[in-house]
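Okay, here's what each chain looks like letter by letter:
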Amino acid sequence: MDTYSQSVSANRSNDTPHLPKIQDNADAIDELEPKRLELASILQKTLEPKELVALFARELGKYIPFDGLTYNFQTLNVDIQLGDLTQHKCSYDLMVTDEQLGNINLHREVPFQERELAIAENMLAGLLYPLRNTLLYQHALQSATTDPLTGVKNRTAMETSMKREMGLAKRHNTPLSFILLDLDHFKSINDRFGHLIGDQVLRAVAKVAEETIRDSDIIFRFGGEEFLVLLSGTKISGATLLAERVRSKIEQLQIFSDLKLRITASMGVVTLREDESDEAVFKRADAALYKAKHNGRNQVVIDDSA
């Protein structure tokens, strides 16, 4: 497989040995300059990464034939694939004044020619600032809906997601379950070991819970040591099994080998009823959690109210 690697920024480099360096084609660049400006204008219409990349692929395809395109930006967990990843590839690291904007790859069955690579680089220059604006916007969105300590979704995101998922569940008549999780004796952990240790406990619990739940489930931190897991398409039996797995994983946590620190959690599990409000379902989950605490903690209790 031939691979062409370029850095699209103020300074261009070719990282692939045994390939001739791409030379600027003045005629091609002059011809594409209005198209590049037009491209930048088109791309300014969206702040959604996938839509932006799809628009770029559509416009680039007018000048260069290719089978597929991938774009990756690890900082925001953006990973986009369009079309087929065929044999030959050219790869570009995207940068603006040393600011990394991710990596984009073009794929096709036959090797790319020098003129095509020069065109691709010229068109990519029109992608940079719209892409930068999109990534800045997405970062702001994530910051507004992410708990800075644990990295999971925050209360603002929880309220929005609950309303959305409850509406979908009622509309499509599908089950929706909730796990309300509260760490046991967390105040005593802070009092005995300090808030820095307490913060590390919260991070560890959020991490193990997020790793245990399914990709379709969402975990939120909405209070000091309280978390909510939203499970779409899940009945009470499945939610209970998952809650038990999370509880067991938390109990097995060994964060500090030199500290006698036992970490456990109590949980309440409920499933949305027909025509039930978010306040009502949350109240039932909280009642189940209270029962788990009252019964000795470190356990899962299912709501059994009429």
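Preceding this paragraph is the structure being described.
In this text the structure is predicted, and so the values were computed from the model without any measurement.

(A) How the structure looks around the sheet that holds strand S9 (residues 265-271). Taking strand neighbours across the sheet as the criterion, the five strands line up as S7-S8-S6-S9-S10 in an open arrangement whose pairing is mixed. Bordering the open sheet on either side are strand S7 (218-221) and strand S10 (300-302), each of which pairs with just one other strand. Geometrically, the sheet is characterised by an average inter-axis angle of 20 degrees between neighbouring strands, direction not taken into account. Pairing of strand S6 (residues 176-183) with strand S8 (residues 226-232), which is carried by seven bridges, proceeds in the antiparallel orientation. Within S8, the residue paired with Leu-181 across the bridge is Phe-227.

(B) Expanded view of the pattern of salt bridges. Tallied over the full model, the rule gives 18 salt bridges. Linking Arg-155 and Glu-159 is a salt bridge whose minimum nitrogen-to-oxygen distance equals 3.5 Å. Taken together, the residues span about one helical turn, with Arg-155 and Glu-159 both in helix H4 (residues 155-172) at a distance of four residues. Among the salt bridges present, the one from Asp-184 reaches Lys-293, with a minimum N-O distance of 2.8 Å. Note that Asp-184 is positioned in the loop between S6 and helix H5 (186-193) and Lys-293 in helix H8 (residues 278-294), a separation of 109 residues in sequence. Put simply, Glu-244, Arg-247, Glu-251 and Arg-262 are held in one network by salt bridges that share partners.

(C) Spatial organisation of the packing of aromatic side chains. Here the structure, examined in full by the defined rule, presents one aromatic pair. With a centroid separation of 5.4 Å and 80 degrees between ring planes, the pair formed by Phe-222 and Phe-282 is classed as edge-to-face. Here Phe-222, found in the loop between S7 and S8, pairs with Phe-282, found in helix H8; they are 60 residues apart in sequence, far enough to count as distant. On the basis of relative accessible area, Phe-222 is assigned to the buried category, the value being 11%. Phe-282 gets classed as partly exposed once you look at its relative accessible area, which sits at 23%.

(D) View of the layout of surface pockets. Considered as a void within the structure, the largest pocket measures approximately 610 Å³ in volume. Along its surface, the largest pocket is lined by 19 residues, and Leu-76, Asn-77, Gln-142, Thr-146 and Lys-153 are the ones closest to its centre. Mapped onto the lining of the largest pocket, the elements with two or more residues apiece are helix H3 (114-145), H4 and S7. Residue composition of the lining of the largest pocket, grouped by class: seven nonpolar, six polar and six charged.

(E) Up close: a nonpolar patch on the surface. Taken together, the side chains of Leu-47, Tyr-137 and Leu-141 define a hydrophobic patch exposed on the protein surface, amounting to about 230 Å² of accessible area. In this fold, Leu-47 is placed in the loop between helix H1 (26-43) and helix H2 (49-60).

Cut-offs applied
- Residues numbered from 1 in each chain as written.
- Predicted model: local features only at pLDDT ≥ 70, side-chain atom pairs only at ≥ 80, totals over all residues.
- Heavy atoms only, no water.
- Pairing = 2+ DSSP bridges.
- Helix = DSSP H or I, 4+ residues; strand = E, 2+ residues; numbered from the N terminus.
- Axes fitted to C-alpha atoms, helices over the stretch in contact; angles between N-to-C directions.
- Salt bridge = Lys/Arg side-chain N within 4 Å of Asp/Glu carboxyl O.
- Phe/Tyr/Trp six-rings, centres within 6.5 Å; stacked < 30°, edge-to-face > 60°.
- Buried < 20%, exposed > 50% of the residue type's maximum accessible area, 1.4 Å probe, protein only.
- 1 Å grid on protein atoms, 1.4 Å probe; cavity = no way out; pocket = protein on both sides within 12 Å on 5 of 7 lines; lining within 4 Å.
- Points joined across faces, edges and corners; volume = space filled by probe spheres on them.
- Nonpolar A, V, L, I, M, F, W, Y, C, P; charged D, E, K, R; others polar.
- Patch = residues over 30% accessible without salt bridge, like charges linked within 9 Å, V, L, I, M, F, W, Y side chains within 5 Å.
- Areas by Shrake-Rupley, 256 points an atom, 1.4 Å probe, with all protein chains shown as cover.

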